[in-house]
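# Fold and geometry: a report
Here are the chains, one letter per residue:
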Amino acid sequence: ERERDNLALRALGLLADDEDVAELQLQLLGDQVLGFYDDVEKRMVVVTDAGLDVAAMVTYAHEYTHALQDAAFGLDSLETDADGQDDRSLARTALIEGDATVTMVAWAIENLSQEELVEIGTMPVPSMEGIPSWMVNQLQWPYTAGQVWVSSLAGGNPLQPQFAELDAAYADPPGSTEQIIHLEKW
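Residues numbered from 1 in each chain as written. Predicted model: local features only at pLDDT ≥ 70, side-chain atom pairs only at ≥ 80, totals over all residues. Heavy atoms only, no water.

## A few points about the pairing of strand β2 (residues 43-46)
Quick reminder of the rule: Any two strands are treated as partners once DSSP identifies two or more bridges connecting them. Put simply, DSSP H or I for four residues or longer makes a helix, DSSP E for two residues or longer makes a strand, and each gets a number counted from the N terminus.
Looking at chain direction, strand β1 (residues 35-38) and β2 are connected through four bridges and run antiparallel. Note on β2: the bridge partner recorded for F36 is V45. Between the antiparallel neighbours β1 and β2 lie four residues, among them K42 with a positive phi of about 60 degrees.

## Quick notes on the packing of aromatic side chains
Test applied: Stacked, edge-to-face and tilted labels apply to pairs of Phe, Tyr and Trp rings (six-membered ring for Trp) whose centres lie within 6.5 Å, assigned for plane angles under 30 degrees, over 60, and everything in between, in that order. Only protein chains enter the accessibility calculation, which uses a 1.4 Å probe; a residue whose area is less than 20% of its type maximum is buried, one above 50% is exposed, and one in between is partly exposed.
This structure, assessed with the given rule, holds three aromatic pairs. Between Y60 and Y64, the aromatic rings sit 6.0 Å apart at their centres with planes inclined by 15 degrees, giving stacked as the arrangement. On the criterion of helical spacing, the pair formed by Y60 and Y64 is a turn pair, its members being four residues apart in helix α3 (residues 54-73). Residue Y60 is classed as partly exposed on the basis of its relative accessible area, which comes to 41%. Measuring from ring centre to ring centre gives 4.1 Å for F73 and Y170, while their planes differ by 0 degrees; the resulting arrangement is stacked. Here the residue F73 occupies a position in helix α3, and Y170 occupies one in helix α7 (residues 164-171), the gap between them amounting to 97 residues. For F73, a relative accessible area of 31% translates into the label partly exposed. By relative accessible area, Y170 is classed as buried at 6%.

## Quick notes on α3
Operational definition: The span you would expect from a helix comes to 1.5 Å times its residue count less one.
If you check α3, its first and last C-alpha atoms are 28 Å apart, about what 20 residues at 1.5 Å a residue would give, namely 28 Å. Among the 20 residues that make up α3, 14 are buried, leaving the element largely enclosed by the rest of the structure. Downstream of α3 by one or two residues, G74 has phi in the positive range, about 70 degrees.

## Description of the nonpolar core
Using the following cut-off: Buried residues of nine kinds, namely Ala, Val, Leu, Ile, Met, Phe, Trp, Tyr and Cys, make up a nonpolar core once their side-chain atoms join them within 4.5 Å. In this description, contact between two residues means that some pair of their heavy atoms is separated by no more than 4.5 Å.
Counting 17 residues, the largest nonpolar core has L95, W149, L166 and I180 as the members making the most contacts within it. Every element with two or more residues in this core is listed here: α4 (86-111), α6 (133-153) and α7. Here the element with the most residues in this core is α4; it accounts for five residues. The contact partners of I180, leaving out residues within four places of it in the chain, are A91, A94, W141, A145, G146, W149 and P174. With eight residues, the next largest nonpolar core counts L15, L28, M135 and V136 among its residues.

Below you can see the structure in the form of structure tokens.
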């Protein structure tokens, strides 16, 4: 599968002959991931050598939201890894990540000091040098577009999101990224 992906991406001009999609993904994710929720093992992991600093607290808020999503709605039921359903999977990932991002921001505003909020805004962005821009965009899209979509569903107020319509989205999840980009299509 890896070799097939490499061949297809090279044919489309998205990878150079000496680039490997799996190696690039590992490099990208290794530099980006501060934590994750494992919905199979039902556990959260926050990666930090600094203890419970601001980055770890914000990451924990995001990942804890995933644990709550899984408990309330069952993340497997969204079928984000269904064969042949890449667009639908990306839309549903945007629901999941957008929800966690909106919730994380609301938690941070409510619970962190002004100094800690400023610290978040000044954290250095990991280097993306050597990573094709399409890979970076593919990684970021569920978070950024998902946050905009979920914010619209949650009333647009980052201080007090309303989650009723968002909860309904888990019962009737988006079927395409078009629905994320154009809320009226959902």
